[in-house]
Each structure stands twice: as structure tokens, then as C-alpha cells.
Amino acid sequence: MTKKLALVTGGSGGIGAAICRALAAQDCHVFVHANRNLAQAESVAADITRAGGSATAIAFDVTDRAATQAALEAILQQGPIQILVNNAGIHDDVVFPGMSGDQWDRVVNVSLNGFFNVTQPLTMPMLRTRWGRIINISSIAAITGNHGQVNYSAAKGALHSATKSLARELASRGITVNAVAPGIIDTAMGQAAFNAAAIAEMVPMKRAGKPEEVAALVAFLASEQAAYISGQIISINGAMI
Ligand code: NDP
């Protein structure tokens, strides 16, 4: 049987790399995506290949619609993407009265416009196969809100709404669409935002989550067994809510 093709945006980052490894272990060919850090995506792809899996590194800026379209066309030459994980994301935290228009735009552009730029061109080819999984990585900030993250929580919250609408549109074609909303996860982004004392106070489990724990959930949602789960926002946060 030929391998399903999976694309993980932000595969050069902490959570994305773990997701790439988990999907490769489920026998997918994984496109490990980066923006600035192609060398890191190449290293993740090389690790996967060394471990007996199949992966290719690629780079493009998800906020650049034309560049994204061109990169996706090249990928689609190899076949339809059937598993898409929209994981690329940034935060740029500041309390709202001090937030610049650029800070608003940058964060919304990556998480929300990036979702459109990547997902829309891949939808029709996926739909033709009558089997697909779209998993959007959002955040607890979209559910509870967070001080200093009006831009980030707005972008991730919009992703939740897009998840629900797209799930309804694609349900009859064997495609599920879900969002995974992590709490505090031990990556560069998580470490930049929260120190150990803050984590102990905020998280009932008194620790940050591991990227591998998020990846295990994503891999399940991408599997055959998760065929009847769609349109859901699934939290993974050590009992924060
Ligand atoms: P990292 O900062 O480790 O990784 C972010 C990834 O996004 C990198 O691969 C980066 O690529 C990519 N990226 C950033 N900007 C762009 C862009 N313009 N175009 C394409 N790719 C881009 O973050 P995490 O692994 O921690 O986070 C992954 C996801 O999980 C994000 O969506 C984040 O919001 C979400 N999340 C994380 C939490 C945490 O505590 N860590 C908590 C809740 C949600 P490159 O480095 O190559 O430029």
C-alpha cells in the first residue's frame, strides 16, 4: 500500500517536530515544513529517515499566499495531501492598549491567514480521495483568553470557528477537521512565555506538557480509528480547565 502524504506546518518547531515523528511512525510520508529554519526541518526529516520512516523537508512562509501556493503545487505533484496539520504559529504578547497594528497583523497572519493559505489549495485534491484529516493546533488562550494575548487568542479562536464550519462542509467526504488546544507545552515558545513558578501555579498537574503528548493526540486524530470525531476542539492541558 502506498503511504499517505502528510504535511505538518511548523515542523521545525517543538510541537511540530514531535507531530512529524508520530505521523511517520504511523507509516505516512511526512513533509516537514519550516519557515526560516529549514536546517531544523531537514534534521527532523533525517532523524525520521534514519529511524526507517519517510520524510522530506520544505520551507515557505505561510503568510505569503503566492509562495505558499507555489510550494503546495510542487508537493501536490507527488499526490494529494491526506493529513494536514496546521501547526505553524507565533505569539507577540503585549497588553491591548499597547498593541501595535503590526503585532495584531503578524499574529493573525500566521495562525489564521496561514490556515487559509495552506488549507484551501489542498482541500479539493484531498476531497477527491474521499479520505482526509485536517488538524489545527490552536491554544487554551482561545478558550479562556489570556492577559497580553488578545491578538493570539483572537487568531486561535477564529481557527476554532473555521474548524467547525469546515468539518460540516467536508463531513460527507470522509474528511474530519478538528482543533487541538494545548495548554503550556515544553518548547521554545512555552519556555519564553512561562517560567517554572508560573507553571506550578497555573497547571494542576504542576508541569508543562511534552510535545510528544500533543503529538500522540494528533496522531490518533489522524488515524483510521478517529473517523467519527470531527468539528471538535480537544484540549490537552494538564487539567488547567
Ligand atoms: P515553536 O516556536 O517551537 O514553532 C513555531 C513554528 O511555526 C516553527 O516551525 C516556525 O518556523 C513556524 N512558523 C512561524 N512563523 C511562520 C510563518 N510565517 N510561516 C511558516 N511557518 C512559520 O512553537 P511550538 O512548537 O511551541 O508551537 C506550535 C504550535 O502550538 C503553535 O501554533 C502555537 O501557537 C501552539 N501552541 C503552543 C503552546 C506552547 O506552550 N508551546 C501552547 C499552545 C499552543 P521556523 O522556525 O522555521 O521559522
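Keep in mind the model is a prediction, meaning the values are calculated, not measured.

(A) Examining the layout of surface pockets more closely. Estimates place the volume of the largest pocket at around 1,200 Å³. Surrounding the largest pocket, 45 residues form its lining, Ala88, Gly89, Ile90, His91 and Met189 being those nearest its centre. Of all the elements in the fold, those that place two or more residues in the lining of the largest pocket are helix 1 (14–25), strand 2 (29–34), helix 4 (101–129), helix 5 (141–144), helix 6 (150–170) and helix 7 (188–193). Taken together, the residues of the lining of the largest pocket break down into 19 nonpolar, 22 polar and four charged.

(B) Region of the structure containing the site of the ligand. The full set close to the ligand counts 31 residues, and Ser12, Asn87, Tyr152, Gly183 and Thr187 are the nearest of them. Between the ligand and arginine 36, the relevant distance is 2.8 Å, taken from an oxygen atom to a main-chain nitrogen or oxygen of the residue. Take glycine 89: an N or O atom from its main chain is 3.4 Å from an oxygen atom of the ligand. If the ligand stood free it would expose 900 Å²; the protein chains cover 89% of that surface. Comparing atom positions with the cavity grids shows the ligand to sit within the largest pocket.

(C) Quick look at the pattern of salt bridges. One pass over the full model with this rule turns up five salt bridges. A salt bridge links arginine 21 to aspartate 47, with the nearest nitrogen and oxygen atoms 3.0 Å apart. Separated by 26 residues along the polypeptide, arginine 21 in helix 1 and aspartate 47 in helix 2 (residues 38–50) bring together distant segments of the chain. By relative accessible area, which is 38% here, arginine 21 ends up partly exposed. In this structure, glutamate 213 engages arginine 207 in a salt bridge whose closest nitrogen and oxygen atoms are separated by 2.9 Å. The network of salt bridges with shared partners includes Arg21, Asp47 and Arg50.

(D) Spotlight on the pairing of strand 5 (residues 132–137). Among the six residues in strand 5, six count as buried, and that is most of the element. Two elements, strand 4 (residues 81–86) and strand 5, share four bridges in a ladder whose sense is parallel. Bridge pairing in strand 5 places asparagine 86 opposite asparagine 136. In this fold, the crossover linking strand 4 to strand 5 by way of helix 4 has right-handed handedness.

(E) How the structure looks around the nonpolar core. Judged by nonpolar contacts, the single largest core of 32 residues is most densely connected at Ile19, Leu23, Val30 and Val32. At the level of elements, strand 1 (5–8), helix 1, strand 2, helix 2, strand 4, strand 5 and helix 9 (211–221) are the ones that each hand at least two residues to this core. Sorting elements by how many residues they give to this core places helix 1 first, with seven residues. Beyond its immediate stretch of four places on either side in the chain, isoleucine 19 contacts Val8, Val85, Asn87, Ile137, Ala215 and Val218. The next biggest cluster of nonpolar side chains, apart from the first, holds 25 residues, and it includes Leu5, Phe31, Ile81 and Leu84.

(F) Structural view of a nonpolar patch on the surface. A cluster of nonpolar side chains, namely Phe96, Trp104 and Val150, defines an oily patch on the protein surface of about 270 Å² accessible area. Tracing the sequence through the fold places tryptophan 104 in helix 4. Residue classification places tryptophan 104 among the partly exposed positions, given a relative accessible area of 32%.

The rules behind the values
- Residues numbered from 1 in each chain as written.
- Predicted model: local features only at pLDDT ≥ 70, side-chain atom pairs only at ≥ 80, totals over all residues.
- Heavy atoms only, no water.
- 1 Å grid on protein atoms, 1.4 Å probe; cavity = no way out; pocket = protein on both sides within 12 Å on 5 of 7 lines; lining within 4 Å.
- Points joined across faces, edges and corners; volume = space filled by probe spheres on them.
- Helix = DSSP H or I, 4+ residues; strand = E, 2+ residues; numbered from the N terminus.
- Nonpolar A, V, L, I, M, F, W, Y, C, P; charged D, E, K, R; others polar.
- Near = heavy atom within 4 Å.
- Polar contact = N/O pair within 3.5 Å; in protein donor to acceptor, adjacent residues only side chain to side chain.
- Areas by Shrake-Rupley, 256 points an atom, 1.4 Å probe, with all protein chains shown as cover.
- Sits in = over half its atoms within 2 Å of the grid points.
- Salt bridge = Lys/Arg side-chain N within 4 Å of Asp/Glu carboxyl O.
- Buried < 20%, exposed > 50% of the residue type's maximum accessible area, 1.4 Å probe, protein only.
- Pairing = 2+ DSSP bridges.
- Right-handed = clockwise from strand over helix to strand, strands pointing away.
- Core = buried A, V, L, I, M, F, W, Y, C linked by side-chain atoms within 4.5 Å.
- Contact = heavy atoms within 4.5 Å.
- Patch = residues over 30% accessible without salt bridge, like charges linked within 9 Å, V, L, I, M, F, W, Y side chains within 5 Å.

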